[in-house]
Amino acid sequence: MISPARSAASYIEGMERRIDYRKAAPEGFQAMRDLDGYAKTSGLERKLLELVRMRASQINGCAYCLDMHSKDARANGESEQRLYVLDAWRESPFYTPRERAALAWTDVVTRISRQGVPDELYEEVRAQFSEKEIVDLTIAVIAINGWNRLAISFRTPVGTYRPVPADASPRAR
């Protein structure tokens, strides 16, 4: 929250990177990459994964990850319209039942301390995903929440990310 005595410009100017976690803990960074790499190669649809990453990043307020995943989503053919209304996905007709189940799961798992995971939601997700896919989806949500916490805590500079081409190997993404 910006205090009234402090301008938005001075707040943004003070947003310098605290720690480059990639350099400070390369083994930890690699462990995060490995978890994320698993999610990327799990078989879940690339567009679905990007929507999940965007949604969790919206909830967590991670500007770096929103910038990154909006670029990746567009590079992989996602429409601007679906990205623009993602924050209001429940009120939008642009998402499939499978995507809606994944987004609802993302919302609840990201905010898990509030109410846990309701049985009704679990049943909705089970209707759209296999058991393996539910676990893979949950791992994807866990991974992006971890990245969000690293980027926010250590103030990863926003706007520096360049998307990886859609035809690049899954591990390169």
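The residue count restarts for each chain, going from 1 along the sequence in the order it is written. Where totals are concerned, whole chains, interfaces and linings use all residues; where local detail is concerned, this predicted model gives features only for residues with pLDDT of at least 70, and gives and counts side-chain atom pairs only at 80 or more. Computation of side-chain values: all heavy atoms of the structure, hydrogens and water removed.

## Concerning the side chain of S42
Relative to the elements of secondary structure, S42 occurs in the loop between α3 (26-40) and α4 (46-60). Here, two residues are considered to be in contact whenever any of their heavy atoms come within 4.5 Å of each other. Aside from chain neighbours lying at most four places away, what touches S42 is K132 and D136. Only DSSP runs of H or I covering at least 4 residues are called helices, and only runs of E covering at least 2 are called strands; the numbering of each starts at the N terminus.

## Comments concerning the packing of α4 against helix α10 (residues 131-154)
Fitting a line to C-alpha atoms yields each axis, with helices limited to the stretch in contact; the angle taken between N-to-C directions then spans 0 to 180 degrees. At a closest axis distance of 9 Å, the pairing of α4 and α10 adopts a crossing angle of 45°. When the axes of α4 and α10 are compared, the pair comes out oblique. Considering only the axes of α4 and α10, their crossing is right-handed. Contacts between α4 and α10 pair L49, V52, R53, A56, S57 and N60 from the former with L137, A140, V141, I144, N145, N148, R149 and I152 from the latter. Each residue is assigned to one of three groups, with Ala, Val, Leu, Ile, Met, Phe, Trp, Tyr, Cys and Pro labelled nonpolar, Asp, Glu, Lys and Arg labelled charged, and all others, Gly among them, labelled polar. By residue class, the composition of the contact of α4 with α10 is eight nonpolar, four polar and two charged. Roughly parallel covers angles under 35 degrees, roughly antiparallel covers those over 145, roughly perpendicular covers 65 to 115, and oblique covers all other angles. Throughout, a crossing is termed right-handed when the near helix is turned clockwise from the far one, and left-handed when it is turned anticlockwise from it by less than a right angle.

## Structural notes on the environment of V117
For V117, the position within the fold is in the loop between α8 (112-115) and α9 (119-128). As a C-alpha pair, V117 and D107 span ten residues in sequence and 10.0 Å in three-dimensional space. Setting aside residues no more than four positions away along its own chain, V117 makes contact with W105, V108 and I112.

## Looking at the nonpolar core
As used here, the term nonpolar core means buried Ala, Val, Leu, Ile, Met, Phe, Trp, Tyr and Cys residues forming a set that is joined through side-chain atoms within 4.5 Å. Classification of residues uses two cut-offs on accessible area relative to the type maximum, computed with a 1.4 Å probe and protein chains only: under 20% is buried, over 50% is exposed, and between them is partly exposed. Among the nonpolar cores identified, the biggest contains 26 residues, and L86, W105, V125, F129 and L137 are the most heavily contacted of them. Elements that contribute at least two residues to this core include exactly α4, α7 (97-110), α9 and α10. Per-element accounting of this core gives the leading share, seven residues, to α7. One finds Y21, M32, I144 and L150 within the second-largest nonpolar core, a separate group that totals 14 residues.

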